[in-house]
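Understanding the architecture of this molecule
Single-letter residue listing:
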Amino acid sequence: MPQRPTSSLAACVWIPLFPLRCEEARREGLTSHPTALLAPDLSRKLWQVSPLARHTGVRPGMTVSQAIGLCPTLRLCEPDPVHYDERFACLLAALNEISPVIEAGELGLVYLGTDGLEGIYGLPEKIVEAIKRTLESWNDGPKDSFHRSIVPSFRVGWGTGKFTAWVAASRAKPGEAVIVPSGGEGKFLASQPIAVLPLDPDTHRRLRQLGIRTLGALAALPEEAVTAQFGAVGRKLWRLAAGQTVEPVVGGVAPEPIVAALTFFTPVGERDLIERAIDQLIARALKDPRRIGWRVQAVRLVAEVEGGRSWLADILLKDPTADAARIVAPLRTRLEQAPPAGAVTRLVLELTAFAPGTTELQLFARDAVAAARAGQQRALANAAREIRQRLKRIYLYHVIEVQPWSRLPERRYALIDFEP
Amino acid sequence: MVAPARAPLRADRLRALNVPQPVAVECDAEDRPHTVDTIVVEAVLESWRIDDEWWRQSITRCYHEVLLDGGKRVVLFEDVATGEWFAQMP
């Protein structure tokens, strides 16, 4: 397996409230109103809240009724995780033009490895300028709304290691950058609040109770004392605060082309059958473990046609995707416009180029589905409880198989009380 | 048997589904259903017989899928041992 490229010098691009910004970019007029995004499950709680809504007291985690009580003019948006995922993938692809070493964090947070980029761009300031130019030109939606919502909200940080770069980005003003020169990490970090550390609420509270407000105050304590108080987590935090941990940016290695092929027993001329075969090939190619974490950018379909002829379709996808339907659509169009000149004996599908995606995002989408399922279970349990309270007994049942093979119909299935 | 995820399975809480319902059937000269609960049978669509559990208490049923006046389809069977008629989903 090829070694993954790393870089100790890092630039961090952070777009806070990325999903909400995506909504603002595609919906005209949202930016001027207090807005909140609902969580991608069925809990109907708020996930992200715009600064305007925050001013009225609305906070993430509130229920819709609480939020509307505080801010009657609040505009609520249903979440669209797939859209945010796609927008983020486009952002990764754009930043990949600057650096080949890209590591995605949560939605809206990207690290770029900048080792060696000084040979192309020059000083860190020039590298950051190039990143800012890319972010400002990164857009394929309506330009006006995009520039109003996303462009002004990005922050860039540059430093040695991901932590320093992230802290620098979090200190930057919207649309601007903070550069921490090499060797200046200790001084820069010392004045930062402890909230920039990856802390759980309990550790945060304990540190504040001990009077530790800044990374400098934490780093001034002996490492052993912090480790004795907080264990391994404490050691990690101390080393981050003292600038002794340099976490490199770890990029991915684009996979070699992934090939899936199908040979027909008899030559096939019907377009329906060929399209179905293409669907199967795409599904098979996407399942290839090498594809995980990558989105498809270019596809090649080769058809071997009776009589030794061949047919070729090379497709470059505008937006890299891992969605089979989006990959197949241009192939279908090509097949319709210029079909093979004869019956097809063999189809070969090749995913030839990839753009970085993230496994984290796929997990995010899966989590959203799991959360939705859990939400449905909760809703069902609540409904069942209510029915029982009203009617004194439950009238909900599961259908279960008893002897599904029986020749006597009444023996095959039965009902059992449903107790969620 | 597929047990539901949460409810513990107890035999006393099982309710059979598709239990045969007694019906009044009059037969014609050929012993085929002629009326079902006074509704005339327009056609007998299919007939079949089940012989089961002969190793303990034999169950023998003659099934008929019939089309009633008005268009309703019903599946009936005669319990051969007792001569009683029942309606049941197939």
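Just above, that's the structure.
Predicted model, so just to flag it, every value in this text is computed and none were measured.

1. Points about the overall build of chain B
The helix and strand tally for chain B stands at zero helices and eight strands. Along chain B, from the amino end to the carboxyl end, the secondary structure elements read β-β-β-β-β-β-β-β. Burial statistics for chain B: of 90 residues in total, 14% are counted as buried. Long-range contacts, defined here as pairs at least 24 residues apart, represent 33% of the contacts in chain B between residues at least 6 apart.

2. Digging into the nonpolar core
By size, the foremost hydrophobic cluster in this structure holds 87 residues, and its most contacted members are Ala 11, Cys 12, Val 13, Leu 112, Val 156 and Ala 241 of chain A. Contacts of Cys 12 of chain A, omitting those with residues within four sequence positions, involve Tyr 111, Val 156, Gly 157, Lys 162, Ala 165, Trp 166, Ala 168 and Ala 169 of chain A. The next biggest cluster of nonpolar side chains, apart from the first, holds eight residues, and it includes Val 66, Val 74, Leu 76 and Trp 85 of chain B.

3. With respect to the sheet that holds strand S15 (residues 397-401) of chain A
Strand order in the open sheet formed by three strands is S15(A)-S16(A)-S1(B), and the pairing between neighbours is antiparallel. Each end of this open sheet is capped by a strand with a single partner; those strands are S15 of chain A together with strand S1 (15-16) of chain B.

4. Focus on helix H8 (residues 162-171) of chain A
Here H8 of chain A lies mainly inside the structure; eight of its 10 residues are buried. Within H8 of chain A, burial applies to Lys 162, Phe 163, Thr 164, Ala 165, Trp 166, Val 167, Ala 168 and Ala 169 of chain A.

5. What about the environment of Asp 51 of chain B?
Residue and element names in this part refer to chain B. Its place among the elements puts Asp 51 in strand S5 (residues 39-52). The exposed category is assigned to Asp 51, around which 11 C-beta atoms lie within 10 Å. For the pair Asp 51 and Val 80, spaced 29 residues apart in sequence, the C-alpha to C-alpha distance is 9.9 Å.

6. Things to note about the pairing of strand S3 (residues 35-38) of chain A
All names here are of chain A. Relative to strand S5 (residues 75-77), S3 runs parallel, the two being bridged by three bridges. Its bridge partner being in S5, Thr 35 is matched across the sheet by Arg 75. By the bridge criterion, three bridges tie S3 to strand S4 (residues 46-49) in an arrangement that is antiparallel. By the bridge assignment, Leu 37 is partnered in S4 with Gln 48.

7. Looking at the packing of helix H13 (residues 271-286) of chain A against helix H14 (residues 324-337) of chain A
Residues and elements named next belong to chain A. Put simply, H13 and H14 touch, their axes get as near as 10 Å, and they point 145° apart. Seen along the crossing, H13 lies across H14 with a hand that is right-handed. Of the residues in H14, those in contact with Arg 271, Ile 274, Glu 275, Ile 278, Asp 279, Ile 282, Ala 283 and Leu 286 of H13 are Ala 324, Ile 327, Val 328, Leu 331, Arg 332 and Leu 335. When grouped by side-chain class, the residues that make up the contact of H13 with H14 number 10 nonpolar, no polar and four charged.

8. Topic: helix H6 (residues 124-137) of chain A
Residues and elements named next belong to chain A. Taking 1.5 Å as the rise per residue, H6 with 14 residues should run 20 Å; its terminal C-alpha atoms sit 20 Å apart, in good agreement. Listing the buried residues of H6 in full gives Pro 124, Ile 127, Val 128, Ile 131 and Leu 135. The buried residues of H6 occupy an angular sector of 95° when projected down its axis, which confines them to one face. Exposed residues lying more than 90 degrees from the buried face of H6 are Glu 125, Arg 133 and Ser 137. On its buried face, H6 is in contact with strand S2 (9-14), strand S7 (109-113), helix H5 (118-121), strand S8 (155-160) and strand S9 (177-179).

How each quantity is defined
- Residues numbered from 1 in each chain as written.
- Chains lettered and ligands numbered in written order.
- Predicted model: local features only at pLDDT ≥ 70, side-chain atom pairs only at ≥ 80, totals over all residues.
- Helix = DSSP H or I, 4+ residues; strand = E, 2+ residues; numbered from the N terminus.
- Buried ≥ 20, exposed ≤ 12 C-beta atoms within 10 Å, placed from the backbone.
- Contact = placed C-beta atoms within 7 Å.
- Core = buried A, V, L, I, M, F, W, Y, C linked by C-beta atoms within 7 Å.
- Pairing = 2+ DSSP bridges.
- Axes fitted to C-alpha atoms, helices over the stretch in contact; angles between N-to-C directions.
- Left-handed = near helix turned anticlockwise from the far one by under 90°.
- Nonpolar A, V, L, I, M, F, W, Y, C, P; charged D, E, K, R; others polar.
- Expected span 1.5 Å × (residues − 1).
- Arc of directions from axis to C-beta.

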